[in-house]
Amino acid sequence: MRYNFKTSEAKWQKTWDERRVFESDVDPSKQKYYVLEMLPYPSGRIHMGHVRNYTLGDVAARYRKALGYNLMHPMGWDSFGLPAENAAMERKVHPGEWTNKNITEMKTQLKPLGFSYDWNREIATHTPEYYRHEQKMMIDFWKAGLLYRKESHVNWDPVENSVLANEQVIDGRGWRSGALVERKLIHQWFLKITDFADDLVESLDTLTGWPEKVRTMQKNWIGKSQGAYVDFQLSDGEAVTVFTTRPDTLFGMSFLAIAAGHPIAKKLSETNADLKTFIQECERGGTSEAAIETAEKLGCPIGLTASHPLIPGKTIPVYVANFVLMEYGTGALFGCPAHDQRDFEFATRYNLPIVQVVFDNGSWDRATAYAGDGTMINSGFLDGMTSAAAKKTMIEKLDSSNTGKSATTYRLRDWGVSRQRYWGCPVPFVHCGDCGVVPEKVENLPIKLPEDVTFDRPGNPLDHHPTWKHTNCPSCNKPAIRDTDTMDTFFESSWYFLRYCSPKSEQAFDEKDAQYWMPVDQYIGGVEHAILHLLYSRFFTRALRKCGYPIQFDEPFKNLLTQGMITHATYQDKEGAWLSPAEIMPLDNGTFVKITDRSPVTVGRLEKMSKSKKNTIDPGEIIDAYGADTARLFMMSDNPPEKDLEWTDSGADGAWRYLNKLYTQAMYAVDCIPAANTPEPEVFSAAAMNLRQVVHKTIMEYTHDLETFAYNRGVARLRTLSNALFAFDPKTADEKWAFREGYETLIQLLAPIAPHICEEVWQSFGHATLVYETPWPKHRPDLTLETQVTIAIQVNGKLRGTIEMPADSDDETVKQTALNHVAHLTDGKTVQRVIVVKNKIVNIVVS
RNA sequence: GCCCGGAUGGCGGAAUGGUAGACGCAACAGACUUAAAAUCUGUCGAUCCUAGUGGUCGUGGGGGUUCAAGUCCCCCUCUGGGCACCA
């Protein structure tokens, strides 16, 4: 009797729907639990990464439900973004139409997986009902002083005359035009995330439910550093301020470097042709930090010198350098080549002095910079001090001599939220010739995107639109121009978890709902969001609270699980074109050929599943072939959630064979087990006791596995329990009772992972209730105690045998037994020491 | 370039500093079958010999701490993620 997953899965999904078991409401009498998976972008097809992410969430959700929590588990769509505009350009389809179609398709693909979503709470961020609230937030941020405008660099494609995203810049060129990308300054909107830098970094300590590595990444990203501003006088009378974290190395300075965008550089370039050319070269290439940091470090003297603030009469050259950015610090730095690798390379290239000021006990080879601590030398009043003392003393000296001051700075920069694109939330501001920048009146919100736009030319369709941007000033009512920027799509994902609490509210969210449901108890998503999305959401929590929104929690996400990616081997034909796994077939000799023409195929390394490499497996096909439970089980069983998962067809096949066997064995069990309410027998046979011990230990250990997301280990334990049940042959009434207990427990434990088949078996066992609504089993402590233990015996750390002993035997007995057991190995040698670790190991150290 | 991870049999992985390889996949052998599929049983890190209740080696590489290291410390290699306009 094979398990028919097709009818069974459809049947249970219908039952859950009809009984509305996934719907959630505020219930102050019950403890709430909010499970959330990161908001998906509706690309049109779900992929394995989604299936994994949502299965992880669903297991957590169903487990919490069984523990008796009032569960909320919502789902929605992060539906603004660049791909919709690319599709519009490539396929002449409106971004809105494309997006809506994708949402419908993805929802259709998601439903057969049987996730416990409350679809009543569904949101889509491209709808005016959603984005009107963030227009209001933006105005509130403006009023609270958290939003401002400033000039900032964008990637500019001079052929398309449009702004490019970093991913659209490939090797310094525009991806469509191939033109060399330039850095262009334009006015943009910024959110003052730096106002909260200190709180954002300090509060990381309270996020004990987050992975340590994510907290470390955020801490480093914010990059709080203690240092000093130092003022320099230039030979033309101007002054330059630099920021440094190494004021102790000021005596080792041999040059000053300023950014190409520094006002002094700009001014001098008007009369200095070489400098002007160099600055133009600096403005070539993308704006990403990786592009700038990996570029060759180049500089151009500006023809001025700077006076050393502490060494009278000493002057040093000043350069414009391509690795100094106007956006960081003061846009200027001093170079100490001996103790900074980048400065070292710069000094070597331009033949500048390399003066050692930190002595490292003489091991420095002068081939690279020495960036560590040591004793100060060649540093006047700092000589003989440690680096730490020198830092402190130097800052005091700068303060007292009025040439600088101590400062705390952050690597974190303010969040640029402007995008010069169509498919995003319009910025609700108006530019008036008389009043300047004026926020829209709140009663005019939402400022809707115009539908009638074209993508037949590059650039911002909002700007091109014939009428949309023409409006009247909200303040003086004279003709004025709408801001044509839209918001960064990270804006939408920074507060959607609040919207889920009150998805239909006229407000962004209602106080009573947010107070009940927030914070998110378990947040699950890709590790690639470890910094930006999570940091922006943490910032929003603080910024909204500052604006008076009813937020009664400090951090939005209490517990965080970051999952790894799904990988698959890549395949290329002899021309180097990527092939999908469906286009190839294996030969007996282990190599692969193309199905169409039998030409040889090169098998590449494992890579993240992506459309461009074509190494994707469509979850739809897997679900058709094996069912949702198999896909879910395989996803959870093969490796830990945080690690990358390699998809293999044979692995899915194994999961299917297991479920099928579980079903057939359970159906056999139905024929011999007692009725559901049969009382527990008073006496059990040895075999029954053995089985019950396995059952109760599994409950205890598996529950711990679920708590710690060790799902793969948990599945292994369920397999062990299954093997014990499959091998068990109940003869007496007590054995049959234990057999039932074992199967029912297994079904309850497996239900969060493979819910459909478990409901099916649960029903066959005579239950009228859903296993979904059945309380989680509890282990009986008396059945989980070990009575007999195996103790390993080592001689000099090497395993030489094992002995069986009653648990908790006293150390002396264990020691003597162990010594006797390996006496043939210790004959003629002196026993120097014996280490006994209770119930574990005896190590005998002999000479 | 900078920040954060990872590396254990043919493969995915398991292992509070205490018996490395649980559980599974693949493979191989056998049973069943006219045959195949499915199912069931067994073997399964490498190597050596005298074939055992055996010896030696073995957790990316090199060093160290410890009675004991996959696990802790230092150095290195390879590899994944992020780097502010992909989401």
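If you're wondering where the values come from, they're calculated on a predicted model, not measured in any experiment.

Engineer: Which residues make up the overall build of chain A, and what values go with them?
Structural biologist: Scanning chain A for helices and strands turns up 26 helices and 35 strands. Overall, the C-alpha framework of chain A stretches about 100 × 85 × 65 Å when taken along its three principal axes. Here chain A, with 847 residues, has 53% of them falling under the buried criterion. At a minimum sequence separation of 6, the contacts of chain A that also span at least 24 residues come to 71%. When the accessible surface of chain A is totalled, it reaches about 37700 Å², and 50% of it is carbon and sulfur. For chain A, the separation between the mean place of its 94 positive charges and that of its 109 negative charges on side chains is 0 Å.

Engineer: How would you explain the sheet that holds strand S4 (residues 162-164) if you had to name every residue and give the values?
Structural biologist: Strand order in this open sheet of four strands is S4-S3-S7-S17, and the pairing throughout is antiparallel. At either end of the open sheet lies a strand with only one pairing partner, and these are S4 and strand S17 (415-416). Running over the sheet, helix H5 (residues 128-143) touches strand S3 (147-157) and strand S7 (182-191) and is turned about 120° from S3.

Engineer: I'd love a proper account of the confidence of the model for chain A, names of residues and values included.
Structural biologist: Mean pLDDT over chain A: 90, with 96% of residues reaching 70 or higher. For this predicted complex, the interface score ipTM comes out at 0.94, while the overall pTM is 0.92.

Engineer: Give me the lowdown on empty space enclosed by the protein, citing residues and values where you can.
Structural biologist: Sizing a probe to match a water molecule and rolling it over the atoms shows the empty space that remains. Inspection of the entire model under this criterion finds two cavities of 30 Å³ or more. There is about 110 Å³ of room inside the largest cavity. Along its surface, the largest cavity is lined by 13 residues, and Gln748, Ala751, Pro752, Val771 and Tyr772 are the ones closest to its centre. Every element with two or more residues in the lining of the largest cavity is listed here: helix H2 (48-66) and helix H24 (755-764). Grouping the amino acids of the lining of the largest cavity by side-chain chemistry returns nine nonpolar, two polar and two charged.

Engineer: Explain the packing of helix H20 (residues 649-670) against H24 residue by residue, including any values.
Structural biologist: One can describe the packing of H20 onto H24 by two numbers: an axis separation of 10 Å at closest approach and a directional angle of 5°. When the axes of H20 and H24 are compared, the pair comes out roughly parallel. Residues Leu659, Tyr663, Ala666, Met667 and Val670 of H20 lie in contact with H24, whose contacting residues are Ile757, Glu760, Val761 and Ser764. Its residues assigned to classes, the contact of H20 with H24 shows seven nonpolar, one polar and one charged.

Engineer: An account of the pairing of strand S10 (residues 255-258) is requested, with residue identities and associated values reported.
Structural biologist: Along S10, one buried face is formed by Phe255 and Ala257 and the opposite face, lined by Leu256 and Ile258, is buried too. Pairing geometry for S10 and strand S13 (residues 332-335), over four bridges, is antiparallel. Residue pairing for S13: Ile258 is matched across the bridge by Ala332. Pairing between S10 and strand S12 (residues 315-321): three bridges, direction parallel.

Engineer: Account for the sheet that holds strand S20 (residues 436-439), naming residues and giving values.
Structural biologist: Pairing is antiparallel across the open sheet formed by four strands, whose spatial order is S20-S19-S22-S21. The two strands at the open ends of the sheet, each matched to only one other strand, are S20 and strand S21 (470-472). Taken pair by pair, the neighbouring strands of this sheet meet at an average axis angle of 45°, ignoring direction. Bridge count between strand S19 (residues 429-432) and S20: four bridges; the pairing is antiparallel. Looking across to S20, one finds that His431 is bridged to Val437.

Engineer: Can you tell me about helix H7 (residues 212-222), naming the residues and giving the values?
Structural biologist: All of the buried residues along H7 are Val214, Arg215, Gln218 and Ile222. Looking straight down H7, one finds its buried side chains confined to an arc of 100°; they lie on one side. Those residues of H7 that are exposed and aimed more than 90 degrees away from the buried face are Glu212 and Asn220.

Engineer: Quick one: what's the story with unusual backbone geometry, residue by residue and with numbers?
Structural biologist: Both trends apply: most residues other than glycine have a negative phi, and most peptide bonds are in trans. With an omega dihedral of 0°, the bond running from Leu445 to Pro446 counts as a cis peptide bond. Along the chain, Pro446 turns up in the loop between S20 and helix H13 (461-464). A positive phi angle, near 50°, is found at Arg20, a position not held by glycine. Structurally, Arg20 is set in the loop between helix H1 (5-18) and strand S1 (32-37). The backbone of Asn161 shows a phi angle near 55°, a positive value even though the residue is not glycine.

Engineer: Just give me the short version of the pattern of salt bridges, but keep the residues and values in it.
Structural biologist: Tallied over the full model, the rule gives 44 salt bridges. Between Arg657 and Asp653 there is a salt bridge; the shortest N-O distance is 3.1 Å. Taken as a pair, Arg657 and Asp653 lie in helix H20 at a separation of four residues, close to a single helical turn. When the shortest N-O distance is used, the salt bridge between Lys731 and Asp729 registers 3.5 Å. For Asp729, a relative accessible area of 43% gives the class partly exposed. One salt-bridge network, in which partners are shared between bridges, spans Glu680, Arg692, Glu741, Arg780 and Asp782.

Engineer: Explain the nonpolar core to me, and be specific about the residues and the numbers.
Structural biologist: Core analysis: the biggest nonpolar cluster contains 81 residues, and Leu110, Trp647, Tyr743 and Leu750 have the highest contact counts within it. If you tally residues by element for this core, the top one is H20, at 10 residues. Excluding its chain neighbours within four sequence positions, the residues that come into contact with Tyr743 are Leu662, Gln665, Ala666, Ala669, Leu725, Phe726 and Phe765. Core analysis: the next-biggest nonpolar cluster, separate from the first, contains 77 residues, Trp210, Ile222, Leu498 and Phe509 among them.

Engineer: Kindly report on the side chain of Thr774, identifying the contributing residues and their values.
Structural biologist: Tracing the sequence through the fold places Thr774 in the loop between H24 and strand S32 (788-795). Polar side-chain contacts of Thr774 include one of 2.7 Å to the backbone oxygen of Leu770. Sequence-distant contacts of Thr774, defined by excluding residues within four places in its chain, comprise Ala66, Gln748, Trp762 and Thr769.

Engineer: Which residues make up the packing of aromatic side chains, and what are the values?
Structural biologist: Scanning all chains against the criterion turns up 49 aromatic pairs. Arranged with centres 5.7 Å apart and planes meeting at 55°, the rings of Trp16 and Phe22 form a pair that is tilted. Both residues of the pair, Trp16 and Phe22, belong to the buried class. Between Phe491 and Phe540, the ring centres sit 4.9 Å apart and the planes meet at 90°, which makes this aromatic pair edge-to-face. With a gap of 49 residues between them, Phe491 in helix H14 (residues 490-493) and Phe540 in helix H17 (residues 532-546) connect regions that are remote in the sequence. Using a relative accessible area of 0% as the deciding quantity, one classes Phe540 as buried. Taken together, the aromatic side chains of Phe141, Phe196, Trp415, Phe490, Phe491, Tyr536, Phe539 and Phe540 make up a single cluster linked through ring pairs.

Engineer: Which residues make up the layout of surface pockets, and what values go with them?
Structural biologist: Considering only enclosed or pocket space, the second largest pocket measures out at about 480 Å³ in volume. Along its surface, the second largest pocket is lined by 30 residues, and Val163, Gln420, Arg421, Gly459 and Asn460 are the ones closest to its centre. Counting residues per element, the ones that place at least two in the lining of the second largest pocket are helix H3 (82-91), S3, S4, S7 and H13. With four residues, the top contributor of residues to the lining of the second largest pocket is H3.

Engineer: Lay out the side chain of Thr330 with the relevant residues and their values.
Structural biologist: Residue placement: Thr330 occurs in the loop between S12 and S13. At 2.7 Å, the side chain of Thr330 forms a polar contact with the backbone oxygen of Thr241. Ignoring sequence-local partners within four residues, the contact set of Thr330 consists of Tyr229, Thr241, Val242, Phe243 and His262.

Criteria and thresholds
Residues numbered from 1 in each chain as written. Chains lettered and ligands numbered in written order. Predicted model: local features only at pLDDT ≥ 70, side-chain atom pairs only at ≥ 80, totals over all residues. Heavy atoms only, no water. Helix = DSSP H or I, 4+ residues; strand = E, 2+ residues; numbered from the N terminus. Buried < 20%, exposed > 50% of the residue type's maximum accessible area, 1.4 Å probe, protein only. Contact = heavy atoms within 4.5 Å. Areas by Shrake-Rupley, 256 points an atom, 1.4 Å probe, with all protein chains shown as cover. Lys, Arg positive; Asp, Glu negative; His and termini not counted. Charge placed at Lys NZ, Arg CZ, Asp CG, Glu CD. Pairing = 2+ DSSP bridges. Axes fitted to C-alpha atoms, helices over the stretch in contact; angles between N-to-C directions. pLDDT = per-residue confidence, 0-100. 1 Å grid on protein atoms, 1.4 Å probe; cavity = no way out; pocket = protein on both sides within 12 Å on 5 of 7 lines; lining within 4 Å. Points joined across faces, edges and corners; volume = space filled by probe spheres on them. Nonpolar A, V, L, I, M, F, W, Y, C, P; charged D, E, K, R; others polar. Parallel < 35°, antiparallel > 145°, perpendicular 65-115°, else oblique. Arc of directions from axis to C-beta. Salt bridge = Lys/Arg side-chain N within 4 Å of Asp/Glu carboxyl O. Core = buried A, V, L, I, M, F, W, Y, C linked by side-chain atoms within 4.5 Å. Polar contact = N/O pair within 3.5 Å; in protein donor to acceptor, adjacent residues only side chain to side chain. Phe/Tyr/Trp six-rings, centres within 6.5 Å; stacked < 30°, edge-to-face > 60°.

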